[in-house]
Every structure is written in C-alpha cells, then in structure tokens.
Amino acid sequence: MPVFTHPAIQDGWFREISSQWPGQAMTLKVNKILHVEKSLYQDVLVFESETYGNVLVLDGVIQCTERDEFSYQEMITHIPMASHPNPEKVLVIGGGDGGVVREALKYDSVKEVVLCDIDEAVPRVSKLYLPHMAELLADPRVTVHIGDGFAFLQSHEGTYDVIVTDSSDPVGPAASLFQKPYYQLLHDALRSGGHIAAQGECLWLHLPLIKEVRANAQEIGFAHVEYAFTTIPTYPSGQIGFLLAGKTGGQGLREPIKGPNSSTRYWNPDVHRASFVVPEFARALLEEGKDVSPKFGTNVSLQSGQQKKRILLLGSGYVARPCAEYIVRSPSNELTIACRTLATAKGLAESLPRTNAISLDVNKTDELESQVAAHDLVISLIPYTYHAEVIKAAIKGKTDVVTTSYVSPAMRELDEAAKAAGITVLNEIGLDPGIDHLYAVKTIDEVHAKGGKVKQFLSYCGGLPAPANASNPLGYKFSWSSRGVLLALLNNAAFLSNGKQVTVSGSELMGEAKPYYISPAYAFVAYPNRDSTPFRDFYKINGEGEGETCIRGTLRYQGFPEFIKALVQVGWLNGEGQEWLNKGLTWVQVLGKMLAVEGGDEATLISKIKSLCAFPNESEESRIISGFRWIGMFTSNPISPRAASGAAHPNLLDTLCARLEQLMAYAPGERDFVMLQHKFVVEWADKSVQTLTSTLEAYGAPLGYGHSAMALTVGLPCGIATQLILDGVLNMKGVHAPYTREICDPIRERLEAEGVGLVESVL
C-alpha cells in the first residue's frame, strides 16, 4: 500500500489556503490520509481528521466533513423544498458527495432526483469514505449523470420543481456557475413556480459577489430572489450562504409549507425563517448599497493632507508578488503592474487593492517614457539589461527608481544625470545583492566603532530546494530563469585571498568549488561569484591590515559543480546558434553530433564523454553519466530546439534549458530554501581574533501555499525600500546601492519588523 502525501498537509495539519479568502486559513489536525487522486478535473483528497471525521477536499478546499456536513446539506436542500407545495422532480448540479440527494429523498412527494456532476471521481470516492452521504445514490428514484451541467440544463427546459446547485467556489471553471447565463439556464429548466438554491458564498468574505449574483437573478426574471445562510465551522469564516430564487407562478421561499418526513439535525421551521435575517453590515450593502464595514489596513481612506503615490512595477515574475503586496499596504499607494503580456500582469494585479494591470513593451521608448513619467516611482524587476533604459526614462520624467540588480557600468554612468533630475535610483536591494549588504555594512561599522579590523570577509548565498526536495542529480530546481542560472555559471570571477587577487575564468569556475561548512545539516559547496574585489572599498574594509580576504560567492549542494562542469566540457552550455540543430533530431543524435561520433551507440558516446571529462573516480563517473541518462541524452526522443531571443538559429544552451525546466521545476507542495552567511574574521585592538557570523536560513512555503523563500527575500526588501523612498526617509539623489548605514539601517529595521533578518553570533 502506498504512503500518501499531499502538499496541503504539512507537519500533520491540513491547511485550507485559497485566494478566495486571503490572509486566513482553516486548519485541521490529520490522523491519516485516506485517498489522493488527480481526477480529470481536480485534485481529490480525503483524510481522517482528529476532530471532524473523514474530510473530502477538492482542489485544496474542504467540501464536507462527517461532523458538520449536515448543516450545509440540510439548509441548501430544505429551504427550497420545504417552501415548495409539491416538489416531485429534483435536479442537483454538482453535489457528487450525495448529501443533497440524501436530503431531497426525505420528501414523500419526490418521484425523481437527478444528480449531474462533471467529475465521476467525487461520487466514487464519496461512496468509499462518506457512505452515510453517498449511499442513497443507489436509490431507484435517483439517476446519476456524469457530465456538464450547462449542457444538461439546455436539454431539459421546463422539467424540474427544484434545482440545487452545490458548486465549489467561483474560481476557474466554477466561476461560470455564478454568472447570468447559468442562472438563465436554471430559470428555463424550472417548471412554473419552481425553486432554485445555489451555493452563495460567505457574508464575511464575498458580499460584493453576493450582491452581483442577486442582481443577475433579478434581471433574468425570477419572481423571488433571496439570500439565506447557515453556520458551518469548517467553511471559511464559519458561514456559508445560498442564492434562492422562485419562478413566477409559485410562492416565496421564506415560509416553510411542509418539512421533510424524517429527522434533521440543523433545519427546522424556525431556523428556516431565521436564515433570511442577515447582519446589518450585510443588509446595508445588499439592500441599500451602503458599505458600513470597518475600515482598517489597506482599506483605510486617505487622511486629510495625504497625497496619493503612483508606483509602476515593471515585471510580474517570481519575486514581484511580495514586493507588490508590501506596497499596497499603504492606502496612499496606487500600483500599476506592467508586463508585455497583459494576462500575466492581470494575474498578479487582480487580487491586490488599488492595483491595475497594463501591457507595456519596454523596447518601445515612447510608451516606456510615457508610463514612467505618469508615476512617482518605478520598480524595475525586468532583466538587468533594460535597467539603463528605464533609468533614462525616469530621468526624463523625474521619477524615482528601485531595482534589485547590481549597478552596471551603464547604470553608473547615469549618476550625474539622475542627480541633476533630482531623482533617487536605488539598486541592489533584493537578497544577494540586498539583504547581504544590510548586515555586512552593519557588522563592519560596529567592528570599526569598537576599534577592530575586519581581516577577512567571506559571504556566500544560495537559493536551493529544501533538502527533502533536492531529489535530482543536480540537487537544484529553478525558481528563476533557467538560462540565467546556467549563464551565471560561465561568469568570470575575482576575489582577494590573503592579500592577493585571484581571477577565475568562467570555463574553470566549477573547478573552483570547494566544500564549505555552515551547519552539519547541509553538505554545501561554494564558489566565487563575479568580481568581489570592489567590495573591499564598498564595505570600507580597505584600511591597513583589513580586507586581506574578500570573497562573495554562491552555495550549492555537493555534486552540483561537477555535473555542471561535465555539461560545459561536453558543450551543452554553448549559446551560439547552430544551423544544424533542428526539430527532426533526437537527443542521441544531437549528442553524437556534439561529440563528433555521429551514429555511435550509447557505449561509444559514454566512452567519449569519459575521455572529455576525465572523471576523478568511478563513483563520480557513474553518478554523472546516470544524470545525463536522466536528462534523456541517450534516448531517441525528439528534441525541442530553442533559440535565444532574436536569434536566427537554436542553440544547445537554450535547448538544454527547455528540457531542464521540465525536469527541474518545483512540484506542488515542494519548498525552496535560502542560506546566506557572512563570516567576519576580526582582529581587535588587543590583537585577539574572533570570527563573527551573520546567517539567514529561510524556508519557503510549499509551492501553491504561499511565497517561496527566494520570492520573499528578494521582493520584500525591494518593497520596503520603495516605501521608504516614497515616505522621504531615503532621499539621496543619484544612482546608489545600499553600502552605507544611512541607507541600510532603515531598510534592515523594517525588514526585521517583518520577521526577516540574519542571526548574528560568534564562532
């Protein structure tokens, strides 16, 4: 029997996280997972909880539990049926768990119940794990139809006395079940005087949607349109409502005529009547259009004298959301998210207050300049090659700028022009670079204030899969551009070691990787990243006897550098266009061409790889050859050639990237983690020596359930820096990076207030 796991269950607790109820989640302690399945339509999970019995979850959202399902099933069924004089034919759309069918069969007048559910998995699984709900699906009066509810309604006009729509929340395909065309089909499928009831969402969370759905039903021509609700502890906010409507020719739904012929646990005539009485905040909005709900946080109105600030965010990739979420906390900020693809920008903007999305091609200078000039500050999270053009547009429009990228020569050249325009251009404010600067500057300044010297400075950072998810031959997964990751491995590097400058060519970089100890829990290797030598001056460890060793580098798990080195030696990191690389080729044919042994069998290819790579031992040879086999290099599967942007021909690097993106993406429920550590070897005035460390060890949320560690540690400091510039706390003019306490301290203090920071200690 397989051991079941599910990304929504972590550390023995199920967490119901959804965009439909941002900022809150229902959690249940799990005794054991009973069933996990990907049906044709949705993710299906059943688990046994400690306090609510068996629980059915679809796409991460609780549908029913043994303990409290009756309150929902009874109320959505008995309100429309008990108020109908003679319900004979009943249609249930959705509700494959059988709960509504069970309740509908409690009326003597019922001759036929049809259940129409698009997903056969729901009734099948419910019969196994929720038999008290699903057993009456076998009743001779019940017909189970597996298919689309829309199509079924279209072919059954004027057929039913009661129709109950037991739908999931309005996300994805289910969104159509809350729109006017669907309610028109319901209306037309009813007999004269018929009633409908539909899952109508939560007063605490979805009042605007409830108001909209009620209006749609009224416009269609229902004679009676109502909203009623029930309480149920495992639904969001402990409450769920129903959209109720009656067709012309019948009576209203508020007064029960006759009840079910067998016992109920929640519904009774008094509860029926009371369910239509909603709290004042809901009544005011639904009946009068008045919003009397409390105003706090991002919903607070601007105070007298406060000015609106307009921020333009270029890019909507991995790290943009934490940045955007921080910015819209302030009620004075209005955010525009710009991306070449409008749908991508909308995907990020739709759940954020005071945020709109636009399509913008930054290659079109006039459009870029126009948008930048219309905002108070622009955040550039697009590739660093565009930053100089963004800054030029900002200089012209007198708009401040924030980026997370290193200051390039092209950007630095714009310093005087930025000063003349009176704008702030702050860069290098993500993780690395970014958070690393904040703590390097802090510790070095504190050491100097106490009369000490920083003899050695070593800083290493890695964005990695959590150890439990580092399950491929490289021990790595992509949380940003695969091309960017691989190209960074070909950068030349330079650093200071014991007073001497060491230079490493990109082709030899992986050979420079060495085991690096931070914690016994991790097997890291470290290698230098770019040119570390200027940081001796940037960090002011350039006095006599200081900064003798100065290195900033990258952390990976052991085994990664050797694998990359082999890919380089075979030729896979070649970014030059290859005219011969076309769709008709297989992986083994491409490898043969690269190794100049076209037509060779696997043994011949492996022999050639061994001669090129000169593996240090048989174990390493076997590991890396097995990794090549995992990629598929020895197979007859066709390649998917990929070219660099604007190139005439595909190349080997991008073709490999396309494959690795398939193999090395984070799966749902998997987590990343970030490790960043500074080591300062300090000589004090009395000649004693200490090693100080500053360490960040941050795990991301499981994929699909929150921010990754990389997204949070890059996006959050960027958002904080943006707000500090808007507030006038940071007002230095020109092109800057956070290399001074004046810049670093305010950002670090805000970051620590958010629960993100490095732990400082003495080795």
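In the block above lies the structure referred to throughout.
Described in the following lines is the structure provided in the data block. (Residues numbered from 1 in each chain as written. Predicted model: local features only at pLDDT ≥ 70, side-chain atom pairs only at ≥ 80, totals over all residues. Heavy atoms only, no water.)

1. Some words on the overall build of the protein chain
- Within the protein chain, the regular secondary structure consists of 25 helices and 29 strands.
- Projected onto its principal axes, the C-alpha positions of the protein chain cover 95 × 75 × 55 Å.
- Within the protein chain, the proportion of its 763 residues that are buried is 55%.
- Taking all contacts inside the protein chain whose residues are at least 6 apart in sequence as the whole, residues at least 24 apart take part in 69%.
- Taken together, the 67 basic and 85 acidic charged side chains of the protein chain have centroids lying 2 Å from each other. (Helix = DSSP H or I, 4+ residues; strand = E, 2+ residues; numbered from the N terminus. Buried < 20%, exposed > 50% of the residue type's maximum accessible area, 1.4 Å probe, protein only. Contact = heavy atoms within 4.5 Å. Lys, Arg positive; Asp, Glu negative; His and termini not counted. Charge placed at Lys NZ, Arg CZ, Asp CG, Glu CD.)

2. Section: the nonpolar core
- One finds Leu314, Ile379, Leu431, Tyr539 and Ile747 to be the most contacted residues of the largest nonpolar core, which totals 91 residues.
- Per element, the largest residue contribution to this core is 10 residues, and it comes from helix α24 (residues 709-726).
- Not counting chain neighbours up to four residues away, the residues in contact with Leu314 comprise Ala338, Leu360, Val362, Leu368, Val378, Ile379, Ser380, Leu381, Ile382 and Val390.
- If you look at the next biggest cluster of nonpolar residues, it comprises 60 residues, including Leu458, Leu464, Leu555 and Leu605. (Core = buried A, V, L, I, M, F, W, Y, C linked by side-chain atoms within 4.5 Å.)

3. Focus: the environment of Phe478
- Looking at the secondary structure, you find Phe478 in the loop between β20 (453-465) and α17 (482-488).
- You can call Phe478 buried: its relative accessible area is 8%.
- Remark: the alpha-carbon pair of Phe478 and Glu661, spanning 183 residues in sequence, is separated by 7.2 Å.

4. Here we look at the packing of aromatic side chains
- In this structure the tally under the stated criterion is 23 aromatic pairs.
- Centroid distance Tyr72 to Phe242: 5.8 Å. Interplanar angle 45°. Geometry classified as tilted. With a gap of 170 residues between them, Tyr72 in helix α1 (residues 69-82) and Phe242 in strand β13 (residues 239-246) connect regions that are remote in the sequence.
- Residue classification places Phe242 among the buried positions, given a relative accessible area of 0%. (Phe/Tyr/Trp six-rings, centres within 6.5 Å; stacked < 30°, edge-to-face > 60°.)

5. Let's talk about a nonpolar patch on the surface
- On the surface, a cluster of nonpolar side chains totalling about 360 Å² of accessible area is made up of Leu40, Tyr41 and Ile118.
- Mapped onto the elements of the fold, Ile118 is located in the loop between β8 (112-117) and α3 (121-129).
- For Ile118, a relative accessible area of 35% corresponds to the partly exposed category. (Patch = residues over 30% accessible without salt bridge, like charges linked within 9 Å, V, L, I, M, F, W, Y side chains within 5 Å. Areas by Shrake-Rupley, 256 points an atom, 1.4 Å probe, with all protein chains shown as cover. Salt bridge = Lys/Arg side-chain N within 4 Å of Asp/Glu carboxyl O.)

6. Details of the side chain of Asp361
- Relative to the assigned elements, Asp361 resides in the loop between β16 (355-359) and α12 (365-373).
- One buried charged residue, Asp361, forms no salt bridge at all, with the nearest opposite charge on Arg340 at 4.6 Å.
- Sequence-distant contacts of Asp361, defined by excluding residues within four places in its chain, comprise Arg340 and Glu367.

7. Structural notes on the sheet that holds β8
- Across the sheet, which stays open at both edges, the 7 strands sit in the order β9-β8-β7-β10-β11-β13-β12 with mixed pairing between neighbours. Only two strands of the sheet have a single partner each, and these edge strands are β9 (142-146) and β12 (224-231). This sheet shows a mean twist of 15° between the axes of neighbouring strands, independent of strand direction.
- The pairing of strand β7 (residues 89-94) with strand β10 (residues 160-166) spans 5 bridges and is classified as parallel. Considered in β10, the bridge of Ile93 is made with Thr165.
- Where helix α6 (residues 180-189) meets the sheet, it contacts β7, β10, β11 (190-201) and β13, and its direction lies at approximately 145° from that of β11. (Pairing = 2+ DSSP bridges. Axes fitted to C-alpha atoms, helices over the stretch in contact; angles between N-to-C directions.)

8. Looking at the environment of Leu34
- Tracing the chain through its elements places Leu34 in strand β3 (residues 26-38).
- When its relative accessible area of 18% is taken as the criterion, Leu34 is described as buried.
- Separated by 14 residues in the primary sequence, Leu34 and Glu48 have C-alpha atoms spaced 6.7 Å apart.
- Those residues within four positions of Leu34 in sequence are excluded, and the remaining contacts are Phe4, Val46, Phe47, Glu48, Asn54 and Tyr129.

9. Comments concerning the side chain of His678
- Turning to its location among the elements, His678 is positioned in strand β26 (residues 672-683).
- Side-chain polar atoms of His678 contact the side chain of Ser459, separated by 2.8 Å.
- Setting aside residues up to four positions removed in sequence, His678 forms contacts with Asp436, Tyr439, Ala440, Phe457, Leu458, Ser459, Leu692, Thr693, Ser694 and Leu758. (Polar contact = N/O pair within 3.5 Å; in protein donor to acceptor, adjacent residues only side chain to side chain.)

10. Overview of the sheet that holds strand β15 (residues 333-339)
- Pairing is parallel in the open sheet, where 7 strands are placed in the order β16-β15-β14-β17-β18-β19-β28. With one partner strand each, in any of the chains shown, β16 and β28 (734-736) form the two edges of the open sheet. Put simply, the sheet's adjacent strands are angled 20° from each other on average, direction ignored.
- The sheet contact formed by strand β19 (residues 424-426) and β28 spans 3 bridges and is parallel. Bridge assignment links Val425 to a residue of β28, and that residue is Val735.

11. Things to note about the packing of helix α10 (residues 320-327) against α24
- Where α10 meets α24, the axes come as close as 7 Å, and the angle between the chain directions of the two elements is 35°. Two packed elements cross with a definite hand, and for α10 against α24 that hand is right-handed. Facing α10, whose interface residues are Pro322, Cys323, Tyr326 and Ile327, α24 presents Ala711, Leu712, Gly715, Leu716, Cys718, Gly719, Ile720, Thr722 and Gln723.
- Within the contact of α10 with α24, the residues separate by chemical class into 9 nonpolar, 4 polar and no charged. (Left-handed = near helix turned anticlockwise from the far one by under 90°. Nonpolar A, V, L, I, M, F, W, Y, C, P; charged D, E, K, R; others polar.)

12. A short note on the packing of helix α7 (residues 207-220) against helix α9 (residues 280-288)
- Orientation of α7 relative to α9, taken along the N-to-C sense of each, is 40°, at an axis distance of 10 Å. Overall, the two elements α7 and α9 adopt an arrangement that is oblique. Like other packed secondary-structure pairs, α7 and α9 cross with a definite hand, here right-handed. In this structure, α7 uses Leu207, Pro208, Ile210, Lys211 and Arg214 to contact α9, whose residues at the interface are Phe281, Ala282, Leu285, Leu286 and Glu287.
- Broken down by class, the residue content of the contact of α7 with α9 amounts to 7 nonpolar, no polar and 3 charged. (Parallel < 35°, antiparallel > 145°, perpendicular 65-115°, else oblique.)

13. Re helix α11 (residues 342-349)
- For α11, the complete set of buried residues consists of Ala345, Leu348 and Ala349. In a view along the axis of α11, the buried residues occupy a sector of 95°, so they form one face of it.
- Those residues of α11 that are buried are in contact with α10, β15 and β16. (Arc of directions from axis to C-beta.)

14. Observations concerning α6
- For α6, the complete set of buried residues consists of Tyr182, Tyr183, Leu185, Leu186, His187 and Ala189.
- Elements in contact with the buried residues of α6: β7, α5 (149-154), β10, β11, α7 and β13.

15. Quick look at the pairing of strand β22 (residues 500-504)
- Bridging between strand β21 (residues 493-497) and β22 involves 5 bridges; their strand directions are antiparallel. Counterpart to Leu496 in the pairing with β22 is Gln501.

16. What about the pattern of salt bridges?
- Following the criterion strictly, the structure yields 45 salt bridges and no others.
- Here Lys687 makes a salt bridge to Glu683, at a shortest N to O gap of 3.8 Å.

17. Structural notes on unusual backbone geometry
- Of note, the bond from Asp432 into Pro433 is cis; its omega dihedral lies within 30 degrees of zero at 15°.
- Relative to the assigned elements, Pro433 resides in the loop between β19 and α16 (435-449).
- If you check the backbone angles, Ser237 has positive phi at about 65° while not being a glycine.
- Position of Ser237 relative to the elements: it lies in the loop between β12 and β13.

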